[in-house]
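Structural features, examined
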Amino acid sequence: MSKRFSRITGTGSYLPPRRVTNADLAAELATRGIETSDEWIVERTGIRARHFAAPDVPASELAVPAARAALQAAGLQPSDIDLIIVATSTPDMVFPSTAAIVQHKLGMAGCPVFDVQAVCSGFVYALTVADALIANGTARRALVIGAEVFSRILDWSDRTTCVLFGDGAGAVVLEASDTPGILATDLHADGKYVDILCVPGHVSGGQVLGDPVLKMDGQAVFKLAVGVLDKAARAVLAKAGKQESDIDWLIPHQANLRIMMGTAKKLHLPVDKVIVTVQDHGNTSAASIPLALDHGVRSGKIQPGQTLLLEGVGGGFTWGAVLLNL
Ligand code: ACO
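In this text the structure is predicted, and so the values were computed from the model without any measurement.

**With respect to the overall build of the chain**
Counting its regular elements, the chain contains ten helices and 15 strands. Taken over the C-alpha trace, the chain has a radius of gyration of 19 Å; the compact-globule value for 326 residues is 20 Å, and the two agree within 12%. Seen along its three principal axes, the alpha-carbon backbone of the chain occupies a region of about 65 × 45 × 40 Å. Evaluated residue by residue, the chain yields a buried proportion of 55% over its 326 residues.

Pasting the structure below:
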């Protein structure tokens, strides 16, 4: 029997309408006695604006239009899909999964659905799992979605973190194929770094115990990120028998322009081979890679047949990469 591969056949994304520039955010934070500036945020991160969902809009509400756009791009209906994976750290509920809520909102029933929790690496984790489930015959057509409302878990009195994140969703349709598609994947985690990036609160006895807002040691994250992203990139290239020069586009997790440029430099990739959306989206965690991918596809930069390197890094500490032909 010939080997079964998976291939992305459609991409989609959705941003909530409220766009908040650095100047808007600085003015809002000033009313709370927190000082920041457009200059500081742009210089340290590359971020110029982010989108925030309205307080009553959960992650699934962002995921559904992103999924619909990906389905339309693939020429499919929701009923054609037989697997949904949502990567999120800001789920609608403690349980059930956001994927179950998305399934129902898309008017579907019956197929397996679940969430993946790997923070900013969530999308590369979810894509890897979907690829494996397609390769082993469990699914033929998967919706893989990253959706986040990080604005809900930010500490608005901590200027070192609250200026970095945004809300949004991105999605792909991944279909079974006789040819790859996904060429290689590589996932990792090291739980000894839990404390450098976490939301330590939890629900117990009907109350939230502990601190339910994001805590980050930015410099520790920065140092780890560049090193592990380079290792993951080299691992997928080696597994696929490819060279750095075979990469048409690097689509990294959009956390910080300096991390992205550091990664590209180590791979000897010119900056114009990197899809960068962090300036408009901020860090949307698990949504950032599919948002950037969709932006690259719809802007006409990314063309069918090109080789893409997707790279994620985030809380856990988790990291990973996916090398694919579009
Ligand atoms: N506005 C103005 N000043 C600020 C702000 C702000 N928003 N935040 C911090 N500062 C000040 C600090 O108080 C400090 O002042 P001091 O020198 O008087 O003490 C100064 O700026 C420098 O602070 P640092 O924390 O040393 O700044 P750094 O250059 O490390 O940049 C940053 C911070 C942007 C968080 C950086 O460490 C970083 O990008 N880390 C990577 C982490 C990341 O991107 N995380 C995203 C989530 S994780 C992920 O997605 C993988």
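Let us keep going from here.
**Things to note about the environment of Lys3**
For Lys3, the location among the structural elements is in the segment before strand 1 (5–14). Taking the C-alpha atoms as reference, Lys3 lies 33 Å from Gln254; in sequence the two are 251 residues apart.

**Describing unusual backbone geometry**
Cis rather than trans, the peptide bond between Phe95 and Pro96 has omega equal to 0 degrees. By secondary structure assignment, the location of Pro96 is in the loop between strand 4 (83–87) and helix 4 (98–105). Positive phi, normally seen in glycine, also occurs at Val119, with a value near 50 degrees. If you trace the backbone, Val119 turns up in the loop between strand 5 (113–116) and helix 5 (122–135). Positive phi outside glycine occurs at His268, with the angle close to 55 degrees. Of note, His268 is situated in the loop between helix 8 (257–266) and helix 9 (278–281). The class for His268 is exposed, based on a relative accessible area of 62%.

**Some thoughts on the site of the ligand**
Residues in close proximity to the ligand total 24 residues, the closest being Thr36, Arg44, Gln219, His253 and Asn256. One nitrogen or oxygen atom from the side chain of His253 is found 2.7 Å from an oxygen atom belonging to the ligand. Look at the ligand: alone it shows 1000 Å² of surface, and the protein chains cover 75% of it. Here the shell around the ligand is built from residues that sort into eleven nonpolar, nine polar and four charged. Counting contributing residues, the shell around the ligand receives three or more from each of domain 1 (5–177) and domain 2 (182–325).

Conventions and cut-offs
- Residues numbered from 1 in each chain as written.
- Predicted model: local features only at pLDDT ≥ 70, side-chain atom pairs only at ≥ 80, totals over all residues.
- Heavy atoms only, no water.
- Helix = DSSP H or I, 4+ residues; strand = E, 2+ residues; numbered from the N terminus.
- Rg over C-alpha atoms; globule rule 2.2 N^0.38 Å.
- Buried < 20%, exposed > 50% of the residue type's maximum accessible area, 1.4 Å probe, protein only.
- Near = heavy atom within 4 Å.
- Polar contact = N/O pair within 3.5 Å; in protein donor to acceptor, adjacent residues only side chain to side chain.
- Areas by Shrake-Rupley, 256 points an atom, 1.4 Å probe, with all protein chains shown as cover.
- Nonpolar A, V, L, I, M, F, W, Y, C, P; charged D, E, K, R; others polar.
- Domains from an automatic or database assignment.

Bear in mind that shape data such as this cannot, by itself, settle questions of function.
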